[in-house]
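Remarks on the overall topology
Now for the letters of each chain:
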Amino acid sequence: MNKKTFTLGIFGGGQLGKFLVQSAKKLNIRTFVFTDSIDSPAIYHCDDFIISNYKNKKKLDFFIKNIDLATFEFENIPFETLDYIKKKIRVSPDPSIIKILQDRLKEKTFLNSIGIKTTEFYYLKKVNKKKINNNIFPALVKTLRLGYDGKGQIFLKDKKNFLKYSFKNNEYIIEKLVNFKKEISIVITRGKNKTVSFDAFENLHKHQILKNSKIPANINKKLNDEAKKISKKIIDKLNYIGTMCVEFFITKKNKLLVNEIAPRVHNSGHLTMNAHNVSQFENHIRAICNLKLKKPKRIHKAIMHNILGQDIEKYRSKEIAKNEFFYDYGKKEIKHKRKMGHITKIF
Ligand SMILES: Nc1ncnc2c1ncn2[C@@H]1O[C@H](COP(=O)(O)OP(=O)(O)O)[C@@H](O)[C@H]1O
Ligand SMILES: [Mg+2]
């Protein structure tokens, strides 16, 4: 390997990594992917890659030697790994932010501390289970860490169910199930001197996995602006550089509650590749590499559908219309509920 030009290191090799790599290429930036899985879509598109456990010091040292800057495509890279890298090279967004956002308790506590509303929650370790308020049910119990696509979540109808349930340890939060009207997300990018964001995406989940996202979201301008304002406050308070996503519930009373923050590019932002003047991926690369951000402008209305598991086979042989863009992540292993691709339709 011959590192002569600026090289961006990316942790994680999934579809988000693949789209980041492709955006970097468009900007003439070399990429080096570090992934722990051989079945990683990004490795076919980057300039170099390593497949290794994220804690392998020898591999990490080699990686550091050959990159100028590191970023990541998902937040569950061990904090110790990012912190180790940070001692030698810039990591963007900063690992200290990831430490907060990797943990649902720290994340929600941070949000509440800056005056942003979330759903009601308790840390199981710190509450007397018998005394927990009946009003919180039906509820969801979520692991503090490592959950995604609904993994690590348990639905509990009532207190009786809850008291009967035996939790392995108490590293969970319990939160009230929100009877929401809609879910939306804001994808926002902060650079050194400028912050830009897309208007809200309207998201529909099935079994806690994103099914589709559409733009424009069917909400009024006031709510859209308020969601953008909240997202701006969060990104500024975190002093975050790069693209992140804020997921919201809109309650029946038209109030916004933040569900969670993804400190990375996000599935709901896939449609930006086809419906906007700039994608969430390109703006992330621009922000962390200190290039000028592009202000997002919507060119089309659009809807993006995720393609899970076996459904990918059907799409592989399906005729794709002129206004549709089909992305096959090319993952080798087809698994039930695994995100295998997506299709975006523009109007
Ligand atoms: N408190 C809640 N009330 C209602 N729905 C919820 C709640 N928490 C999660 N969900 C549903 O499950 C989806 C995934 O949960 P989320 O907390 O975002 O975890 P993940 O990290 O798996 O994305 C949400 O987008 C929403 O549809
Ligand atoms: Mg989520």
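Residues numbered from 1 in each chain as written. Chains lettered and ligands numbered in written order. Predicted model: local features only at pLDDT ≥ 70, side-chain atom pairs only at ≥ 80, totals over all residues. Heavy atoms only, no water.

**Here we look at the overall build of the protein**
What the protein contains, in helices and strands, is 10 helices and 17 strands. What you see for the protein is a C-alpha radius of gyration of 20 Å, in line with the 20 Å of a compact globule of 347 residues. Projected onto the principal axes, the alpha-carbon positions of the protein cover approximately 60 × 50 × 45 Å. Within the span of the protein, comprising 347 residues, buried residues form 56% of the whole. Residue pairs at least 24 apart in sequence account for 62% of intrachain contacts in the protein once pairs closer than 6 positions are excluded. Total accessible area computed for the protein in this model is approximately 16,800 Å², and 50% of it derives from carbon and sulfur atoms. Put simply, the protein has 71 plus and 33 minus side-chain charges, and the middle of one group is 4 Å from the middle of the other. (Helix = DSSP H or I, 4+ residues; strand = E, 2+ residues; numbered from the N terminus. Rg over C-alpha atoms; globule rule 2.2 N^0.38 Å. Buried < 20%, exposed > 50% of the residue type's maximum accessible area, 1.4 Å probe, protein only. Contact = heavy atoms within 4.5 Å. Areas by Shrake-Rupley, 256 points an atom, 1.4 Å probe, with all protein chains shown as cover. Lys, Arg positive; Asp, Glu negative; His and termini not counted. Charge placed at Lys NZ, Arg CZ, Asp CG, Glu CD.)

**Description of the sheet that holds strand β5 (residues 121-123)**
Strand order in the open sheet formed by four strands is β5-β8-β6-β7, and the pairing between neighbours is antiparallel. Among the strands making up the open sheet, the edge pair consists of β5 and β7 (153-156). Direction aside, neighbouring strands of the sheet carry axes that sit 20° apart on average. Strand direction decides the pairing type here: strand β6 (residues 139-143) and strand β8 (residues 172-176), joined by five bridges, are antiparallel. From the neighbouring strand, Ala139 faces β8, where its bridge partner is Lys176. In the packing of helix α5 (residues 104-113) onto the sheet, the strands contacted are β5, β6, β7 and β8, and the crossing angle to β5 comes to about 130°. (Pairing = 2+ DSSP bridges. Axes fitted to C-alpha atoms, helices over the stretch in contact; angles between N-to-C directions.)

**Observations concerning the domain arrangement of the protein**
If you check the domain split of the protein, you get domain 1 (7-91), domain 2 (120-176) and domain 3 (182-346). Here the C-alpha centre of domain 2 lies 34 Å away from the C-alpha centre of domain 1. (Domains from an automatic or database assignment.)

**Some remarks on helix α7 (residues 221-238)**
Over its 18 residues, α7 runs 26 Å from end to end, which matches the ideal 26 Å to within 8%, given 1.5 Å per residue. Of all the residues in α7, the buried ones are Leu223, Asn224, Ala227, Ile230, Ser231, Ile234, Ile235 and Leu238. Along the axis of α7, the buried residues cluster in a sector spanning 130°; they form a single face. Summarising the geometry of α7, the exposed residues directed more than 90 degrees from the buried face are Lys221, Lys222, Lys229 and Lys237. Against the buried residues of α7 lie α4 (95-101), α5, β9 (182-190), β10 (195-197), β13 (242-250) and β14 (256-262). (Expected span 1.5 Å × (residues − 1). Arc of directions from axis to C-beta.)

**Considering the site of ligand 1**
Close to ligand 1 lie 20 residues; Lys142, Gly150, Glu175, Val178 and Glu183 are nearest. Here a nitrogen atom of ligand 1 and a side-chain polar atom of Glu175 are 2.7 Å apart. Interatomic distance of 2.8 Å between a side-chain N/O atom of Glu260 and an oxygen atom of ligand 1. Calculation on ligand 1 without its partners gives an accessible area of 540 Å², and the protein chains cover 92% of this total. Put simply, the parts of the chain that give the shell around ligand 1 at least two residues each are β6, β8, β13 and β14. Split by domain, the residues of the shell around ligand 1 number at least three in each of domain 2 (120-176) and domain 3 (182-346). (Near = heavy atom within 4 Å. Polar contact = N/O pair within 3.5 Å; in protein donor to acceptor, adjacent residues only side chain to side chain.)

**Some points on the environment of Lys335**
By the element assignment, Lys335 lies in the loop between β16 (324-328) and β17 (339-346). Sequence separation between Lys335 and Leu144 is 191 residues; the distance between their C-alpha atoms is 25 Å. With sequence-adjacent residues up to four places away left out, Lys335 is seen in contact with Gly309 and Met340.

**Quick notes on the sheet that holds strand β4 (residues 69-72)**
The strand order across the open sheet formed by four strands is β3-β2-β1-β4, and the pairing between neighbours is parallel. Taken across any chain shown, the strands that pair with only one partner, and hence form the sheet edges, are β3 (48-51) and β4. Going across the sheet, the axis of each strand differs from the next one's by a mean of 20°, ignoring polarity. In terms of strand pairing, strand β1 (residues 7-11) meets β4 through four bridges, oriented parallel. Directly across from Leu8, in β4, lies its bridge partner Leu69. Across the sheet, helix α2 (residues 57-65) is in contact with β1, β2 (30-35) and β3; its angle to β2 comes to roughly 170°.

**Concerning the pattern of salt bridges**
Overall, the coordinates contain 23 salt bridges when judged by the stated rule. Between Lys86 and Asp94 there is a salt bridge, with its nearest N and O atoms 3.2 Å apart. What makes Lys86 partly exposed here is its relative accessible area of 36%. In this structure, Arg286 engages Glu282 in a salt bridge whose closest nitrogen and oxygen atoms are separated by 2.8 Å. Here Glu282 and Arg286 lie together in helix α9 (residues 280-288), a separation of four residues that amounts to about one turn. Accessibility assignment for this pair places Arg286 and Glu282 in one class, buried. One salt-bridge network, in which partners are shared between bridges, spans Lys26, Glu282, Arg286 and Lys294. (Salt bridge = Lys/Arg side-chain N within 4 Å of Asp/Glu carboxyl O.)

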